[in-house]
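Listed below are the residues making up each chain.
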Amino acid sequence: MKIKLICVGKLKEKYLVDGIKEYVKRLSAYASVEIIEVDDERIPDHASLAQETYVKAKEGRRVLDKIKQDDYMILLDVSGKEMNSVAFSKHLEKCMIDGKSSIVFVIGGSLGHGEEVLSRANLRLSFSPMTFPHQLMRLILVEQIYRAFKIMRNETYHK
């Protein structure tokens, strides 16, 4: 199984980088993990709706350029489907049973996702109705992916 995280923007905070590295190391027992960062666009002060749409489209094109046609794409989206850790684990397991060899998770920039990215998603997933910084969401996501594999294997970790 191949897991890819495509993230808009660069991660600079050492504590987040260290946490993500730890979970990627743990995940290596279950899947190969690749994290791809794409450049974010500068957002003008007091951006108009048209400028925000342009920024999301440009970031979205960078994201979509990294996704293959047969990748199963899970888009993190505050208005997406919510599920608990067990349901998330079962969803990933079903993807694998259905022959999906590559699952791609996409974390957008500060403005969210453009229409092209939203329409490409196989699943729009919300971790909470709350908004999290996209940098912190990376750590939360890799921890939940790790938890999902532990649940699938009936291994201790999940409580």
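Above: the structure in question.
What you see is a predicted model, and the numbers here were worked out from it, not measured in a lab. (Residues numbered from 1 in each chain as written. Predicted model: local features only at pLDDT ≥ 70, side-chain atom pairs only at ≥ 80, totals over all residues. Heavy atoms only, no water.)

A. Summary view of the packing of helix α3 (residues 85-97) against helix α5 (residues 134-152). Where α3 contacts α5, the axes come no closer than 8 Å and their chain directions differ by 75 degrees. The angle between α3 and α5 places the two elements in the roughly perpendicular class. Side by side, α3 and α5 meet where Ser85, Val86, Phe88, Ser89, Leu92, Glu93 and Met96 of the first sit next to Gln144, Ile145, Arg147, Ala148, Phe149, Ile151 and Met152 of the second. A per-class count over the contact of α3 with α5 returns nine nonpolar, three polar and two charged. (Axes fitted to C-alpha atoms, helices over the stretch in contact; angles between N-to-C directions. Helix = DSSP H or I, 4+ residues; strand = E, 2+ residues; numbered from the N terminus. Parallel < 35°, antiparallel > 145°, perpendicular 65-115°, else oblique. Contact = heavy atoms within 4.5 Å. Nonpolar A, V, L, I, M, F, W, Y, C, P; charged D, E, K, R; others polar.)

B. Inspection of the sheet that holds strand β2 (residues 32-38) at higher detail. The strand order across the open sheet built from five strands is β2-β1-β4-β3-β5, with neighbouring strands paired in parallel fashion. Of all strands in the sheet, those with a lone pairing partner are β2 and β5 (123-126), marking the two edges. Across the sheet, the mean angle from the axis of one strand to that of its neighbour is 30 degrees, orientation sign disregarded. Both strand β3 (residues 72-82) and β5 contribute to a ladder of five bridges, which runs parallel. (Pairing = 2+ DSSP bridges.)

C. Spatial organisation of the environment of leucine 5. Its location among the elements puts leucine 5 in strand β1 (residues 2-8). Ignoring sequence-local partners within four residues, the contact set of leucine 5 consists of Glu34, Ile35, Ile36, Phe105, Leu141, Val142 and Ile145.

D. Here's a closer look at the packing of helix α1 (residues 14-27) against α5. Interhelical geometry of α1 versus α5 gives an angle of 20 degrees and a closest axis separation of 9 Å. The orientation of α1 relative to α5 falls into the category roughly parallel. Remark: the crossing between α1 and α5 carries left-handed chirality. Contacts between α1 and α5 involve Leu16, Gly19, Ile20, Tyr23, Val24, Arg26 and Leu27 from the former and Gln135, Leu136, Arg138, Leu139, Val142, Glu143, Ile145, Tyr146 and Phe149 from the latter. Each residue belonging to the contact of α1 with α5 can be placed in one class, and the counts come to eleven nonpolar, two polar and three charged. (Left-handed = near helix turned anticlockwise from the far one by under 90°.)

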